[in-house]
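Per-entry structural report
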Amino acid sequence: MAIGNLSSKIRQTPSTHSFVMVALLPIPITNPNIPQKPLDEPRQTNREMLNEVLRRILQPLSFKQNSSAGCGYYKVLCADGNFRRCKPVLAAWLEDCPEFSDLHHLERHVCFRCKCSKNELGDYVHPDKEHPWRDHNLYGMLSDANTKAADAELLSRHVHRGFNVFRHIPCIVSDLPKPDLLHTMQIGMLDHLQQWPLHEDTQTARRVKCNLVIRACLP
Amino acid sequence: MSRYLLGVVTQSLRGGNPAQRPIFNRTIECTQTLLEFYMYVRYISHDDATLSYMEDALHRFHTFKDVFLLGRASKKAKAKANALRTELVKKRKVDEQTNAESWTPSKERHEMNAWRDYICQKIDISKELDADFNFPKIHLMSHWAEQLRQYGALQQYSAERHEKAHNTNLKDGWNASNHNRNYLP
């Protein structure tokens, strides 16, 4: 976790401890003696556990907001000894795609920002014609409704049922995931771009493979 | 990787016969445009001009990406293509047996080559039909121009730094432990 009003010079240096580790997310113990359950069940428990942990971590954000005393603000002891009014807002998540999907209760291989359908992901999107954002408040209401029609609606939008922390925190959920250059470009697209020509036994593949091998030998 | 990828691709795809040339050109162009887009994304400050260059580079990448459709073929598509291949090979053998008497050696060679080209072409087409670029990361890039306008340079959002911070926060502790993960205190 980091705070927003740091200059990027400080934030980008790990030795300044700008990023603080708050908690380690638990992973269920795998015991070889217990027979494996069908995959859906452990996944559901995983999701519930993740949300429970996040709920406890983010509790100050969601509950102080509702208290009528400070109309959303609450007092925090600062380093200079004074109390200041503070209004924390959750602004950004940086992770890889699968983690985003887990956090937002979405299925894998969907866009977690907009309502783009699964078989349109590869198409070029014109900057003026972007898809509308995902409405997580609506998903929360549908999930609470617990009727068959609501479930079908959720399924059609590739959303899992169940409690999600982000729907109860004052923030724009579909705006949380920020562009992540490391995962999307360097070990995402550029990695793909290197692999694609090598997939088939074509003339292109043979030539590129040969040169990549030479490149790997160089310092 | 971005440093050497374009160099490797252009170096390896020099020359070639007229049939291969368009494919090679498109491959180089596709690699170049994606790298160009990456360079624009990493700018520390942006204005309307650089943003329009960036969107243009992304648009060009999407027009050229079809060269790599074969590389995107799924396992299912490959299995399907293999089934098609065995079927076509059977067909070829039947054809060979029926026409065997009228063939001279040179004609036979010619026929065999024609069959081989035909089979390869069919398989490529069947693979390309099933392949697509529908994965999230290629779609995420289309949001970046808008996010740049709202939140500033994307360099600050790279996950590199806190992945690096993992080293001190997590891995040092794990390396000092007894590596026993199935333990409840």
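Reading guide: rules and limits
Counting restarts for each chain, with residues numbered from 1 along the sequence as it is written. The lettering of chains begins at A and the numbering of ligands begins at 1, in the order of writing. In view of the model being predicted, local features appear only for residues whose pLDDT reaches at least 70, and side-chain atom pairs are presented and counted only at 80 or more, with totals across whole chains, interfaces and linings using the full set of residues. Delimitation of the domains relies on an automatic or database domain assignment. Structurally, a nonpolar core is described as a collection of buried Ala, Val, Leu, Ile, Met, Phe, Trp, Tyr and Cys residues joined by way of C-beta atoms within 7 Å. Backbone-placed C-beta atoms define the burial measure: a residue is buried with 20 or more other C-beta atoms within 10 Å of its own, exposed with 12 or fewer, and partly exposed in between. Numbering goes from the N terminus for both helices and strands, where a helix is a DSSP run of H or I of at least four residues and a strand is a run of E of at least two. C-beta atoms are first placed from the backbone for all residues, and any pair lying within 7 Å is then listed as a contact. Each axis is a line fitted through C-alpha atoms, and for a helix only the stretch in contact is used; angles between axes span 0 to 180 degrees, taken between their N-to-C directions. Between 65 and 115 degrees an angle is taken as roughly perpendicular, under 35 as roughly parallel, over 145 as roughly antiparallel, and anywhere else as oblique. Note on convention: the crossing is left-handed when the near helix lies turned anticlockwise from the far helix by less than a right angle, right-handed when the turn is clockwise. Polar here means any residue other than Ala, Val, Leu, Ile, Met, Phe, Trp, Tyr, Cys and Pro, which are nonpolar, and Asp, Glu, Lys and Arg, which are charged; Gly is therefore polar. For two strands to be treated as a pair, DSSP must find no fewer than two bridges joining them.

Let us now look at the domain arrangement of chain B. Domain annotation for chain B reports domain 1 (1-72 + 134-185) and domain 2 (74-130). Placing the centre of domain 1 of chain B and that of domain 2 of chain B at their C-alpha centroids yields a distance of 39 Å.

Membership of the largest hydrophobic core comes to 38 residues, with the highest contact counts inside it found for Leu34, Phe37 and Val41 of chain B. Every element with two or more residues in this core is listed here: α4 (97-103), α5 (136-145) and α7 (181-195) of chain A together with α2 (21-41), α3 (48-64) and α6 (136-140) of chain B. Non-local contacts of Phe37 of chain B, meaning those with residues more than four positions away in its chain, are made with Met54, Ala57, Leu58 and Phe61 of chain B.

With that out of the way, let us pick up the domain arrangement of chain A. In terms of domains, chain A is made up of domain 1 (1-27 + 38-66 + 76-116 + 130-178) and domain 2 (192-219). Here the C-alpha centre of domain 2 of chain A lies 40 Å away from the C-alpha centre of domain 1 of chain A.

Looking now at the packing of helix α4 (residues 75-99) of chain B against helix α5 (residues 105-130) of chain B. Angle between the axes and distance between the axes are the two parameters that describe a pair of packed helices. Residues and elements named next belong to chain B. At a minimum axis separation of 9 Å, α4 and α5 run at an interaxial angle of 155 degrees. Comparing the axis directions of α4 and α5 gives the class roughly antiparallel. In the crossing of α4 with α5, the sense of the turn from one axis to the other is right-handed. Counting all contacts with α4, which are made through Lys76, Ala77, Lys78, Lys80, Ala81, Leu84, Arg85, Leu88 and Arg92, the residues of α5 involved are Trp115, Ile119, Lys122, Ile123, Ser126, Lys127 and Asp130. Classifying every residue of the contact of α4 with α5 gives 7 nonpolar, 1 polar and 8 charged.

What follows concerns the environment of Pro88 of chain A. Mapped onto the secondary structure, Pro88 of chain A falls in the loop between β2 (83-86) and α4. For the pair Pro88 of chain A and Glu107 of chain A, spaced 19 residues apart in sequence, the C-alpha to C-alpha distance is 29 Å.

Below, the discussion takes up the interface of chain B and chain A. Taken residue by residue, the interface counts 54 residues in chain B and 48 residues in chain A. Broken down by secondary-structure element, the contributors of at least two residues to the side of chain B that touches chain A are α1 (5-12), α2, α3, α6, α7 (144-151) and α8 (160-176) of chain B. No other element matches α8 of chain B, which puts 8 residues into the side of chain B that touches chain A. Here the residues of the side of chain B that touches chain A are counted per class, giving 25 nonpolar, 20 polar and 9 charged.

All names here are of chain B. Running from N to C, α1 and α2 point in directions that differ by 170 degrees, and their axes come no closer than 10 Å. With respect to α2, the axis of α1 lies roughly antiparallel. In the crossing of α1 with α2, the sense of the turn from one axis to the other is left-handed. Contacts between α1 and α2 involve Leu5, Leu6, Val9 and Thr10 on the former and, on the latter, Thr27, Ile28, Thr31, Gln32 and Leu35. Taken together, the residues that form the contact of α1 with α2 break down as 5 nonpolar, 4 polar and no charged.

Further remarks concern the pairing of strand β1 (residues 74-77) of chain A. In the case of a regular strand, side chains alternate between the two sheet surfaces. Residue and element names in this part refer to chain A. When β1 meets β2, the two strands line up antiparallel, connected through 4 bridges. What sits directly across from Lys75, in β2, is Arg85. From the end of β1 to the start of β2, which pair antiparallel, there are 5 residues, and Gly81 there has a positive phi angle of about 95 degrees.

A few words now on unusual backbone geometry. Residue and element names in this part refer to chain A. Although it is not a glycine, His105 sits at a positive phi angle of roughly 60 degrees. For His105, the position within the fold is in the loop between α4 and α5. The class for His105 is buried, based on 25 C-beta atoms found within 10 Å. The phi angle at His109 is positive, at roughly 60 degrees, despite the residue not being glycine. Mapped onto the elements, His109 comes out in the loop between α4 and α5.

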